[in-house]
Amino acid sequence: RKTLPVSFEDPEDCEAGDLIFYEELEVDGSPSGRFPHVEIFIGGDSGTESLGSMPWNAHSRTKEMDGVQVFEDFRIAKENGKSFRVHCHSIQTWLLSEETSFAHAQIL
């Protein structure tokens, strides 16, 4: 949260390039603290498109295709007994930061 402190309660507030973290929920719907998946919000024509990578058999939204692809909708429906909560974080603070680290990959 230190590097990406700006989060959106409403994913509709995401801008292209923002990160979408998927938190797996417990059976009772409570947060698990496990974040097994991340995608990049791109918006697109629908306003809900994202870029991500999943194995072909991970979820029906992959349409049985492996690897990086554009998904029509960032929202993941409950499947195989798993539910997810979406956390959207702006990358603007990271991009504008003067912090120098490997993650920033700044060329000196």
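Residues numbered from 1 in each chain as written. Predicted model: local features only at pLDDT ≥ 70, side-chain atom pairs only at ≥ 80, totals over all residues. Heavy atoms only, no water.

Draft legend 1. Inspection of the pattern of salt bridges at higher detail. Tallied over the full model, the rule gives five salt bridges. Arg-34 is the partner of Glu-26 in a salt bridge, and the nearest nitrogen-oxygen pair spans 3.5 Å. On the accessibility criterion, Arg-34 (38% relative accessible area) is partly exposed. Here Arg-61 makes a salt bridge to Glu-39, at a shortest N to O gap of 2.7 Å. Placement of the pair is Arg-61 in the loop between β4 (49-54) and β5 (67-71) and Glu-39 in strand β3 (residues 31-43), with a sequence separation of 22 residues. Here the two residues Arg-61 and Glu-39 agree in accessibility, since each one is buried. Members of the salt-bridge network, linked through shared partners, are Glu-24, Glu-26 and Arg-34. (Salt bridge = Lys/Arg side-chain N within 4 Å of Asp/Glu carboxyl O. Buried < 20%, exposed > 50% of the residue type's maximum accessible area, 1.4 Å probe, protein only. Helix = DSSP H or I, 4+ residues; strand = E, 2+ residues; numbered from the N terminus.)

Draft legend 2. Molecular detail of the nonpolar core. Counting ten residues, the largest nonpolar core is built from Phe-8, Cys-14, Ile-20, Tyr-22, Phe-41, Met-54, Phe-71, Phe-74, Ile-76 and Cys-88. Each residue touching Ile-20, except ones within four places of it in the same chain, is listed here: His-37, Val-38, Glu-39, Phe-41, Ser-50, Phe-74, Val-86, His-87 and Cys-88. (Core = buried A, V, L, I, M, F, W, Y, C linked by side-chain atoms within 4.5 Å. Contact = heavy atoms within 4.5 Å.)

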